[in-house]
Amino acid sequence: MNDRDLVERDPMPYFENTMKHVLALTFSLMTAAPLAAHPHIFVDTGLDLQFDAKGQLSEVRITWAYDEFYSLLITEDRGLDPDFDGVLTEAETADLQGFDMQWSEGFNGDLVITQDGRTLTLSAPMQATAVYENARITTTHVRQVTQDQTVGAPIEIKPYDPTYYSAYDVTLPVRIKGTTSCDKAFEVPDVQARMQEVSDQLAAMDEMSDENTPDIGVLMATTVRVTCDMS
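Everything quoted here is computed from the prediction, not taken from an experiment. (Residues numbered from 1 in each chain as written. Predicted model: local features only at pLDDT ≥ 70, side-chain atom pairs only at ≥ 80, totals over all residues. Heavy atoms only, no water.)

Q: Just to check I follow, could you spell out the overall build of the protein chain for this structure?
A: Tallying secondary structure elements over the protein chain gives 6 helices and 11 strands in all. Relative to its full complement of 231 residues, the protein chain shows a buried share of 39%. When contacts within the protein chain are restricted to residue pairs at least 6 apart in sequence, those whose partners lie at least 24 apart make up 71%. Total accessible area computed for the protein chain in this model is approximately 12,800 Å², and 52% of it derives from carbon and sulfur atoms. (Helix = DSSP H or I, 4+ residues; strand = E, 2+ residues; numbered from the N terminus. Buried < 20%, exposed > 50% of the residue type's maximum accessible area, 1.4 Å probe, protein only. Contact = heavy atoms within 4.5 Å. Areas by Shrake-Rupley, 256 points an atom, 1.4 Å probe, with all protein chains shown as cover.)

Q: Please clarify how the pattern of salt bridges should be interpreted in this entry.
A: Side-chain pairs of opposite charge can arise whenever the charged atoms involved come near each other. Taken as a whole, this structure holds 6 salt bridges when the rule is applied. Asp-48 is the salt-bridge partner of Lys-177, the closest N and O atoms lying 3.8 Å from each other. With Lys-177 in strand β9 (residues 174-177) and Asp-48 in strand β1 (residues 41-51), the pair connects residues that are 129 residues apart, well separated along the chain. Glu-187 is the partner of Arg-225 in a salt bridge, and the nearest nitrogen-oxygen pair spans 3.2 Å. With Arg-225 in strand β11 (residues 223-228) and Glu-187 in strand β10 (residues 182-187), the pair connects residues that are 38 residues apart, well separated along the chain. Given a relative accessible area of 27%, Arg-225 falls into the partly exposed group. Residue Glu-187 is classed as partly exposed on the basis of its relative accessible area of 38%. Several salt bridges converge on common partners, so that one network encompasses Asp-48, Arg-175 and Lys-177. (Salt bridge = Lys/Arg side-chain N within 4 Å of Asp/Glu carboxyl O.)

Q: Would you take a moment to explain the state of the cysteines for this structure?
A: Think of a disulfide as a covalent bridge from one cysteine sulfur atom to another cysteine sulfur atom. All told, the structure shown has 1 disulfide when counted by the stated rule. Between the sulfur atoms of Cys-182 and its disulfide mate Cys-228 the distance is 1.9 Å. Here the disulfide of Cys-182 and Cys-228 is right-handed, its torsion about the S-S bond being about 100 degrees. With Cys-182 in strand β10 and Cys-228 in strand β11, this pair connects stretches of sequence that are 46 residues apart. (Disulfide = S-S within 2.5 Å.)

Q: For this particular structure, what's the right way to read the pairing of β1?
A: Along any regular strand the residues' side chains alternate between the sheet's two faces. Taken across its 11 residues, β1 has 9 buried, putting it largely inside the fold. Both β1 and strand β8 (residues 166-169) contribute to a ladder of 4 bridges, which runs parallel. Looking at β8, one finds that Ile-41 is bridged to Ser-166. Bridging between β1 and strand β2 (residues 57-66) involves 9 bridges; their strand directions are antiparallel. From the neighbouring strand, Leu-47 faces β2, where its bridge partner is Ile-62. Adjacent in sequence and paired antiparallel, β1 and β2 are bridged by 5 residues, among which Gly-55 carries a positive phi angle near 85 degrees. Pairing geometry for β1 and β9, over 4 bridges, is parallel. The partner of Gln-50 across the bridge, within β9, is Lys-177. (Pairing = 2+ DSSP bridges.)

Q: Just checking my understanding: could you explain helix α3 (residues 68-77) for this structure?
A: Residues separated by three or four positions in an α-helix point in the same direction, a consequence of the helix having 3.6 residues per turn. All of the buried residues along α3 are Glu-68, Ser-71, Leu-72, Ile-74 and Thr-75. Buried residues along α3 cover an arc of 165 degrees about the axis, so they all sit on one side. For α3, the N-terminal cap is Asp-67; the gap from its side-chain oxygen to the backbone nitrogen of Phe-69 is 3.0 Å. At the C-terminal side of α3, Gly-79 shows a positive phi close to 70 degrees. (Arc of directions from axis to C-beta. Polar contact = N/O pair within 3.5 Å; in protein donor to acceptor, adjacent residues only side chain to side chain.)

Q: Whenever I open this one, empty space enclosed by the protein confuses me. Can you help?
A: All told, the structure shown has 2 cavities of 30 Å³ or more when counted by the stated rule. Of the voids in this model, the second largest cavity is the one considered here, and its volume is about 50 Å³. Looking at the lining of the second largest cavity, its residues break down into 6 nonpolar, 6 polar and no charged. (1 Å grid on protein atoms, 1.4 Å probe; cavity = no way out; pocket = protein on both sides within 12 Å on 5 of 7 lines; lining within 4 Å. Points joined across faces, edges and corners; volume = space filled by probe spheres on them. Nonpolar A, V, L, I, M, F, W, Y, C, P; charged D, E, K, R; others polar.)

Q: What is the right way to look at the confidence of the model for the protein chain in this model?
A: As a note on interpretation, predicted positions should not be read in detail where pLDDT is low. Per-residue pLDDT for the protein chain has a mean of 83; in total, 77% of the residues score no lower than 70. Confidence drops under pLDDT 50 across residues 1-36; counting only partners more than four residues distant or on other chains, this segment forms 31 contacts. (pLDDT = per-residue confidence, 0-100.)

This is the structure in structure tokens:
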């Protein structure tokens with residue numbers, strides 16, 4: 001039995017996880033205030049943090065694992081996996097490479113890294129990869145950190161979309177490489193409390209526009225804080 005047969009005979013096993021997201025989204029649309037924000041794309045996120053010999057963060061490899069529904073939309077839009085067997089051919093896999101790396105000018109890659117209150121400069125994405133497994137697309141890319149840092153001062157990494165159209169959950173491994181002197185900690189937001197704060201901000205706005213839309217995503221973002229003992 002292939003996946004097409006599975007969907008035709010019993011769609012629930014195939015779409016079970018996806019429907020959880022869809023139902024949650026539908027509920028939020030039905031119950032939220034007219035201007036309330038809600039995510040449309042759910043991304044499990046991982047980070048590989050590479051430190052150099054001087055103890056500075058030199059690059060970050062970001063992993064994005066897209067939810068099943070968005071992955072389905074991408075494969076259908078690109079005409080991939082037409083037999084629904086969940087396996088891409090070599091040519092289809094090649095077509096998928098870099099599909100999410102076509103960034104518009106000024107886009108920060110939904111990643112903000114700060115130290116001492118200043119945002120560190122990151123390169124454009126490099127070394128992009130993409131695979132399709134278990135009905136999900138997972139991609140990786142590398143961002144070089146091109147700004148000098150204060151060695152030993154804490155670094156904060158926030159993967160998030162300012163508009164909260166995409167929700168980035170740091171559920172995949174966060175690994176520190178190149179040093180054994182650094183520790184990591186996670187600050188996970190209280191989503192319910194933050195959503196109320198977002199709703200209050202939006203309700204106070206006179207009109208919606210790109211210029212005056214508040215930075216919703218940062219309120220919902222998980223913060224990865226890295227502290228290195230360089231003594």
